[in-house]
Amino acid sequence: MTRLLLILFSLFIGGFSLHAQKLNPHQKATLKAAQEIEPDVERLAMELWKHSETALLEYKSADLLIKYLEDNGFKVEKGVADMPTAFVASYGSGSPIIGILAEYDALPGIGNEPVPYKTPREDGTQGGQGCGHNLFGAASVGGAVAIKKAMEERKIKGTIRLYGTPAEETVVGKVYMAKAGLFDDLDACLDWHPGTENAVSDRPSLAMNNFTVEFFGQSAHSAADPWNGRSALDAVEMMNFGVNLMREHIQPSARIHYVIQDGGKAPNVVPDYAKVWYYVRDLDRESVEEYYQRILKVAEGAAIATRTEHKVFLITGVHERRFNTPMLNRIQQHLEYIGGPLFTEEEQTWGKELQKFTGKEEKGFISEVITPENQEPKRRGSGSTDVAEVSYICPEAGFGIATAPFGVPWHSWATAASHGTSAGVKGAQIATKVMSLTGIDLLTDAELLQAAKADFEKRAKGKKYQSPIPGDQKAPLPKE
């Protein structure tokens with residue numbers, strides 16, 4: 001009975017919205033297509049959740065999305081930018097060329113059954129969709145297909161291009177795709193992301209460098225002849241100590257964090273090899289580069305002091321995200337028109353149980369759409385994303401949809417569980433509609449696209465995109 005009432009309420013709200021905001025024929029055709037493929041979005045999202053493959057190992061996930069796109073008339077180029085799980089799917093020809101970003105990688109070690117308490121997956125899968133990229137990938141592909149169907153029906157000219165971008169969690173995929181020039185001819189690009197609220201993406205991300213430092217010394221017996229040893233672990237510890245002292249003398253907006261990946265094999269052997277992995281972040285690319293260079297000098301000093309050799313490898317680097325106000329405004333209009341996901345009483349109970357288990361306020365899932373406080377994005381960010389690289393090449397904008405209960409820890413078993421439920425799927429289906437409506441507008445509304453390009457040029461101030469990665473460097477593929 002509750003479910004029937006919810007469906008009737010949803011239909012009533014939808015009918016009311018149609019009168020409140022009149023859709024043009026292109027938008028109507030697109031929304032109809034998005035509604036028709038909702039079962040496909042659900043299937044893709046749940047299959048991606050089952051796979052939960054980690055960065056640059058998303059073979060089953062990429063194949064799943066590629067097959068669906070090919071079955072729906074897209075031409076697909078596989079293994080782009082020297083990454084086996086990266087691809088580009090295209091439909092149409094000529095301008096404008098509108099891109100949509102799709103992510104599908106999972107996080108290691110957080111796999112969980114889709115239940116509101118911590119329990120390993122029965123199938124033994126260790127990876128988990130703690131960031132909801134299963135929903136991200138499914139909805140983005142669904143949005144591209146919905147736009148394609150509307151283009152066919154309405155005889156709309158232009159190109160829709162779906163980018164299968166792996167390894168977002170290691171901030172790698174789009175960085176190397178951008179370096180390969182795969183986004184250079186786009187007129188505009190869209191993305192979305194699962195979250196705990198329904199809102200446009202107006203919170204800046206942080207610029208970041210992700211790098212490792214290896215030290216090479218000489219092994220010896222730790223008790224019998226330590227004087228013959230040169231400890232690589234000593235070098236790592238000295239470097240970390242120096243960086244920790246450096247924290248007092250950097251801007252409070254900066255973030256530096258590290259893990260020791262290899263510190264030796266046994267206490268009675270002087271380690272001849274050690275490795276530390278660093279992230280350095282700040283509000284802009286220039287600040288990151290400044291701190292990165294200082295850290296490199298600390299590493300060099302540690303090597304000199306311990307009589308070891310060292311090697312630095314810059315895995316990836318990203319800019320801070322650049323925003324586009326005209327595109328954000330249009331997304332907001334469609335987000336308000338479509339509305340947030342309507343969760344059932346059972347889904348809300350599940351969400352509150354998860355919040356209780358994780359020690360959070362039992363508010364459940366959020367259905368309301370957030371209205372931006374002002375036209376300009378908020379000044380402070382938190383994490384980093386390789387979407388930023390696309391935003392430095394063409395007009396780019398995105399939004400978030402509630403797919404997990406409000407306040408639960410992100411990148412955790414809790415969100416991995418949530419993103420395998422019907423509630424998470426509802427968020428993906430909402431995202432498909434908002435994405436496809438905005439995409440069809442960019443293809444057919446010349447004034448919107450012109451305004452987006454003007455805003456992009458204003459923010460770029462004549463500067464061209466330059467990849468942080470050395471020109472001859474390829475993406476670091478993991479050992480399987």
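Our structure is the block above this text.
Definitions and limits used
Residues numbered from 1 in each chain as written. Predicted model: local features only at pLDDT ≥ 70, side-chain atom pairs only at ≥ 80, totals over all residues. Heavy atoms only, no water. Phe/Tyr/Trp six-rings, centres within 6.5 Å; stacked < 30°, edge-to-face > 60°. Helix = DSSP H or I, 4+ residues; strand = E, 2+ residues; numbered from the N terminus. Buried < 20%, exposed > 50% of the residue type's maximum accessible area, 1.4 Å probe, protein only. Lys NZ or Arg CZ within 6 Å of the ring centre and 35° of its normal. Pairing = 2+ DSSP bridges. Contact = heavy atoms within 4.5 Å. Axes fitted to C-alpha atoms, helices over the stretch in contact; angles between N-to-C directions.

A. Broad picture of the packing of aromatic side chains. All chains considered together, the criterion is met by 12 aromatic pairs. When the ring of Tyr 163 is compared with that of Phe 183, the centres are 4.6 Å apart and the planes differ by 45 degrees; the resulting orientation is tilted. In this pair, Tyr 163 is assigned in strand 4 (residues 158–164) and Phe 183 in the loop between helix 6 (173–179) and strand 5 (188–195), connecting sequence segments 20 residues apart. Phe 183 matches Tyr 163 in its accessibility class, with the two residues each being buried. Where Phe 216 meets Tyr 273, the ring centres are 5.5 Å apart and the plane angle is 50 degrees; that geometry is what we call tilted. Taken as a pair, Phe 216 in strand 7 (residues 207–216) and Tyr 273 in strand 9 (residues 273–282) lie far apart in primary sequence, 57 residues in all. An aromatic cluster is built from Phe 211, Tyr 258, Tyr 278 and Tyr 292, whose rings are joined through pairwise contacts. The ring centre of Trp 49 lies 4.3 Å from the NZ or CZ of Arg 121, which sits over that ring.

B. Highlighting the sheet that holds strand 5. Taken in spatial order, the seven strands line up as 1-2-4-3-5-11-6 in an open sheet, and their pairing is mixed. With one partner strand each, in any of the chains shown, strand 1 (75–78) and strand 6 (199–200) form the two edges of the open sheet. On the sheet, helix 5 (residues 133–154) packs against strand 2 (87–93), strand 3 (97–102), strand 4 and strand 5 and is oriented at approximately 155 degrees with respect to strand 3.

C. Looking closely at the sheet that holds strand 7. Across the sheet, which stays open at both edges, the four strands sit in the order 8-9-7-10 with antiparallel pairing between neighbours. Sheet topology places strand 8 (255–262) and strand 10 (309–318) at the edges, where each strand pairs with a single neighbour. Strand after strand, the sheet turns through a mean of 15 degrees between neighbouring axes, direction not considered. Judged from the seven bridges that link them, strand 8 and strand 9 form a sheet pairing that is antiparallel. In the strand pairing of strand 9, Ile 256 is matched with Val 280. Strands in contact with helix 7 (residues 232–246) are strand 7, strand 8 and strand 9; relative to strand 9, the strand with the most contacts, it is inclined by about 20 degrees. Each of strand 7, strand 8, strand 9 and strand 10 is contacted by helix 8 (residues 285–306), which is oriented at about 10 degrees to strand 7, the strand it contacts most.

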